[in-house]
Amino acid sequence: MAGHLQTQALKRPFKLSFEFFPPKSEDMEAQLWETVDDLAGWEPEFVSVTYGAGGTTKAPTLAAVRRLIGQTPLATASHLTCVGATREDVANVVEEFRAVGVKHFVALRGDPPTGVGSAYQPHPGGYENAAALVAGLKDLGDFEISVSAYPEKHPESADLAMDIDMLKRKVDNGATRALTQFFFDNDLFEHYLNRVRAAGITIPIVPGIMPILNLTQLKRFASMCGTSVPAWLDDRFAGLEDSPADRARVAAEIAAEQIADLQRRGVDEFHLYTMNRAPLVNTTLQQLGLSKPKLMVESDAQLAVSATA
């Protein structure tokens, strides 16, 4: 995708899923559940909750997943990483999440404890990579397993061919869906998808869409995960530094344009990184001419009561 594409009113069928992260404070917890309440009306295929490498967010992730499964009708997946953990540690975590009703994991190796870009060293007695983690999960139960994919390759992969080979190993071991790192160039995604299919990988490759809350922060994050940021994004946000409302409008337009262009290329599933904020996601989908089919969760008042229970 390059420049300013025109959107059009698109009718679903296309599938949506949303990613949330576990809250770190009472205020963030309230924001999360307001976001869940709001976005559930879009009837996502599933939602996922991130999980810190080395189990750093296990307790809040487990609490969020438990509540999503117990108090909403949303199909809920938990992320799972294997950094800094033995296979026994991972099995114990899986059992905890299975006990609250988790049937779907997003299986990720996780970033090295020393940060993105440093060499990954498997924990003694742990899984050596995400493909091995997927195989371990299949041994532990008949879970639905989503994995990551990288249209511009993972930062640690020598080239795209090696990266796609790792994805194929994950699929061969039981992965049923891949969720991509965010990207902004749809031509890159289409090229990647063609190479993935040529490698015999047939599972859904679901593009990850990142509405831009803050372009400066996004560039910093993108530089760590190997995502290119096109120069035209600077042009779109130029002069809007002191206008949050205009920045939000442009961000929604950009995300909607990307989704519309991908759908015209035949893509029918999208995974939105919500950053636990509903307004930008709502505006993005409304830009596409969509409206919420119905509310799927408790009323705001009911959810507010349950939030304090």
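For the structure, check the block above.
Below is a short write-up of the structure. Keep in mind that this is a model prediction, so the values were computed, not measured.

1. What to know about the overall build of the chain
On a plain count of helices and strands, the chain comes out with eleven helices and eight strands. The buried share of the chain, reckoned over its 309 residues, is 51%. At a minimum sequence separation of 6, the contacts of the chain that also span at least 24 residues come to 80%. By element, 51% of the accessible surface of the chain is carried by carbon and sulfur atoms, the whole surface being about 13,900 Å².

2. Some words on the packing of aromatic side chains
What the rule picks out here adds up to seven aromatic pairs. Judged by centre distance (5.8 Å) and plane angle (65 degrees), the rings of phenylalanine 182 and phenylalanine 184 are edge-to-face. As far as burial versus exposure is concerned, phenylalanine 182 and phenylalanine 184 are alike and both buried. Grouped by ring-pair contacts, the aromatic residues Tyr51, Phe97, Phe105 and Phe143 constitute a single cluster.

3. Let's talk about the sheet that holds strand β4 (residues 104-108)
Ordered by their spatial adjacency, eight strands build a closed barrel running β1-β2-β3-β4-β5-β6-β7-β8, and the pairing between neighbours is parallel. Averaged over all adjacent pairs, the angle separating strand axes in this sheet is 30 degrees, with direction ignored. Bridge analysis of strand β3 (residues 76-81) against β4 gives four bridges, and the strand direction is parallel. By the bridge assignment, threonine 81 is partnered in β4 with leucine 108. On the sheet, helix α6 (residues 186-198) packs against β5 (144-149), β6 (177-182) and β7 (205-209) and is oriented at approximately 160 degrees with respect to β7.

4. Comments concerning unusual backbone geometry
One non-glycine residue with positive phi stands out, namely glutamate 43, at about 55 degrees. Take glutamate 43: it is sitting in the loop between α1 (26-39) and β2 (46-49). Looking at glutamate 43, the relative accessible area reads 25%, which means it is partly exposed. Phi is positive for lysine 153, which is not a glycine, with a value near 70 degrees. Residue position: lysine 153 is located in the loop between β5 and α5 (160-172). In this structure lysine 153 comes out as partly exposed when scored by relative accessible area, which is 24%.

5. Structural notes on the pairing of β2
Side-chain alternation along β2 places Phe46 and Ser48 on one buried face and Val47 and Val49 on a second face that is also buried. Viewed along the sheet, the connection from strand β1 (residues 15-20) through α1 into β2 turns out right-handed.

6. Considering the packing of α1 against helix α10 (residues 278-287)
Contact pair α1 / α10: the axes reach a minimum separation of 9 Å and the direction vectors enclose 20 degrees. The angle between α1 and α10 places the two elements in the roughly parallel class. Crossing handedness for the pair α1 and α10: right-handed. Only Ala278, Val281 and Asn282 of α10 make contact with α1, whose side of the interface consists of Thr35, Asp38 and Leu39. A per-class count over the contact of α1 with α10 returns three nonpolar, two polar and one charged.

7. Some remarks on α10
Looking only at α10, the buried set comprises Ala278, Leu280, Val281, Asn282, Thr284 and Leu285. If you follow the buried residues of α10, they end up packed against β1, α1, α9 (244-264) and β8 (269-273). Of the residues flanking the end of α10, it is glycine 289, one or two places downstream, whose phi is positive at about 80 degrees.

What counts and what doesn't
Residues numbered from 1 in each chain as written. Predicted model: local features only at pLDDT ≥ 70, side-chain atom pairs only at ≥ 80, totals over all residues. Heavy atoms only, no water. Helix = DSSP H or I, 4+ residues; strand = E, 2+ residues; numbered from the N terminus. Buried < 20%, exposed > 50% of the residue type's maximum accessible area, 1.4 Å probe, protein only. Contact = heavy atoms within 4.5 Å. Areas by Shrake-Rupley, 256 points an atom, 1.4 Å probe, with all protein chains shown as cover. Phe/Tyr/Trp six-rings, centres within 6.5 Å; stacked < 30°, edge-to-face > 60°. Pairing = 2+ DSSP bridges. Axes fitted to C-alpha atoms, helices over the stretch in contact; angles between N-to-C directions. Right-handed = clockwise from strand over helix to strand, strands pointing away. Parallel < 35°, antiparallel > 145°, perpendicular 65-115°, else oblique. Left-handed = near helix turned anticlockwise from the far one by under 90°. Nonpolar A, V, L, I, M, F, W, Y, C, P; charged D, E, K, R; others polar.

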